[in-house]
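# Survey of secondary and tertiary structure
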Amino acid sequence: MDKPVDSRQSGENERRILKRQRDPYLFRSIELRSITVRNRIMLSPMCQYSARDGMPNDWHLVHLGARAAGGAGIVFTEAVHTEPRGRITQHCLGLWSDEQRDAFARIANFIATSGAVPGIQLGHAGRKASVGRPWEGSNPIPAAEGGWDVISASAKSYAKDWPIPHPLTENEIADQTTFLAASARRAREAGFKVIELHAAHGYLIHQFLSPLSNDRTDGYGGSFENRTRFLFESIDAIRSEWPGELPLFIRLSVTEWVEGGWSVDDCIRLAIGLKAHGGVDLIDCSSGGNDPRQKIPIHPAYQVPLSRSVREGSGMPTGAVGLINSPDLAEAIIANGDADLIVLGRTLLADPVWPLRAANALRVPDKGAWPVQYERSNIF
Ligand SMILES: Cc1cc2nc3c(=O)[nH]c(=O)nc-3n(C[C@H](O)[C@H](O)[C@H](O)COP(=O)(O)O)c2cc1C
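This write-up is about the structure you can find in this document. Quick caveat: nothing in here was measured; it's all calculated off a predicted structure.

Counting buried positions along strand 11 (residues 282-286) gives five out of five residues, so the element sits mostly inside the fold. What you see with strand 11 is no split at all: Leu282, Asp284 and Ser286 on one side and Ile283 and Cys285 on the other are buried throughout. Note that strand 10 (residues 248-253) and strand 11 share five bridges and pair parallel. Counted as the bridge partner of Ile250 is Ile283 from strand 11. This β-α-β element, strand 10 to helix 7 (residues 264-277) to strand 11, shows right-handed connectivity. As judged from the three bridges shared by strand 11 and strand 12 (residues 318-321), these two strands associate in the parallel manner.

Moving on, we get to the environment of Phe249. Mapping Phe249 onto the fold places it in strand 10. The spatial distance from the C-alpha of Phe249 to the C-alpha of Leu282 is 4.8 Å, given a sequence separation of 33 residues. With residues near it in sequence (within four places) discarded, Phe249 still touches Leu32, Met42, Ile74, Phe76, Val194, Ile195, Glu196, Leu197, Leu282 and Leu341.

Our next topic: the pattern of salt bridges. In this structure the tally under the stated criterion is 22 salt bridges. Here Arg106 ties to Asp58 by a salt bridge, and the two come within 3.5 Å at their closest N and O atoms. Of this pair, Arg106 sits in helix 3 (residues 98-113) while Asp58 sits in helix 2 (residues 58-69), and the two are 48 residues apart along the sequence. Looking at Arg106, the relative accessible area reads 52%, which means it is exposed. Across the pair Asp338 and Arg308 runs a salt bridge, and its minimum N-O distance is 2.1 Å. Taken together, the residues span a long stretch of sequence, with Asp338 in the loop between helix 9 (327-335) and strand 13 (341-344) and Arg308 in helix 8 (residues 304-314) at a distance of 30 residues. Classification of Arg308 by relative accessible area gives partly exposed; the value is 31%.

Lining the immediate surroundings of the ligand are 16 residues, of which Ser44, Pro45, Cys47, Leu323 and Arg346 lie closest. Here Ala79 contributes a backbone N or O atom positioned 3.1 Å from an oxygen atom of the ligand. Separating a nitrogen atom of the ligand from a side-chain N or O atom of Gln121 is a distance of 2.8 Å. Summarising the interface, the protein chains cover 83% of the accessible area of the ligand, which totals 610 Å² for the free molecule. Of the residues assigned to the shell around the ligand, the class counts are seven nonpolar, six polar and three charged.

With a phi close to 55°, Asp53 is a non-glycine residue in the positive phi region. Along the chain, the position of Asp53 falls in the loop between strand 3 (41-43) and helix 2. Despite not being glycine, Leu323 has its phi angle at roughly 50°, a positive value. Relative to the elements of secondary structure, Leu323 occurs in the loop between strand 12 and helix 9. Overall, Leu323 belongs to the partly exposed group, its relative accessible area being 31%.

About the criteria used
Residues numbered from 1 in each chain as written. Predicted model: local features only at pLDDT ≥ 70, side-chain atom pairs only at ≥ 80, totals over all residues. Heavy atoms only, no water. Buried < 20%, exposed > 50% of the residue type's maximum accessible area, 1.4 Å probe, protein only. Helix = DSSP H or I, 4+ residues; strand = E, 2+ residues; numbered from the N terminus. Pairing = 2+ DSSP bridges. Right-handed = clockwise from strand over helix to strand, strands pointing away. Contact = heavy atoms within 4.5 Å. Salt bridge = Lys/Arg side-chain N within 4 Å of Asp/Glu carboxyl O. Near = heavy atom within 4 Å. Polar contact = N/O pair within 3.5 Å; in protein donor to acceptor, adjacent residues only side chain to side chain. Areas by Shrake-Rupley, 256 points an atom, 1.4 Å probe, with all protein chains shown as cover. Nonpolar A, V, L, I, M, F, W, Y, C, P; charged D, E, K, R; others polar.

Structure representation (structure tokens):
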């Protein structure tokens, strides 16, 4: 027969369980330099292919603003490019002019007044630039048809029938870091509080990192040190304009999922180097994008082990991204120490108020994150 239950003890247990449920890891704030983020949920950078001449517009304001009002901790813009040739498509964003900066300022301000931290991803598409939008087939568009000539580490195309890029000279590499520093300055002036340097998905910096796309014989190719040189110079360029009290993230493809390509071990080695170098606060752990032969084992949370490997192997804070779709899964990832941030792409594309729903699901009693205008919707 069961022992009679001591009601005081069971009440205590219940309180303990409730306390645990009410203090979920996903909704604990995190300090990044001088910035406090209200929870661990970050909107992943996602191209909207909706700009003209690199200018943000009402679409970007509403899209990003909705996710900020929806309770995300950090709201990142899509990839914003440092020069016109760096855009993936003609409809991608840029930050090479003061006019663009001023248009971004309105968006950064709205995100901040909604309680989220405004972040901007800076990048350059290199040899993967000048393509059509996804719904137009994402195929290369030649200069004669309104596109432009592309650049890279080496004269190696991304795929068969893609254009052979112009390999950057050392002076042209220096130009790229100058463009990056100018964009970082404008990001600061626009009111962004976090920059993420896009060094993943087969774009320009990744093209330097990978032995599959970099066969240079100068100081930027060959050895691991040489292939990572442009990345470190890019970080230093950003930091020359980005204040010490503001955080800098870097997005890396932790593995290329291709034999002989950039690997998890390479990434851990790089992360150890980044930690020693300083200036970078978190590694956003993505994968792939540099070689069409990649074989990605896609399933929920498929990149979380990459984040864990980098975090454990280097001691650097990480973000985990990729098919994270339930509050319990997100909570477990933070609770297990697999990552410091949960980075959500399509989950937040489909549901801008996912963080508010997750707060309900995980029984966070503090409704502070709900905008007062939305409080009465909190009945589910
Ligand atoms: C429409 C769309 C646009 C994207 N644009 C970017 C981008 O600008 N920069 C980037 O680093 N990743 C980009 N990604 C990748 C996402 O940020 C994210 O890493 C990926 O979708 C996996 O996360 P998810 O399963 O939560 O969507 C994009 C993804 C989608 C679906």
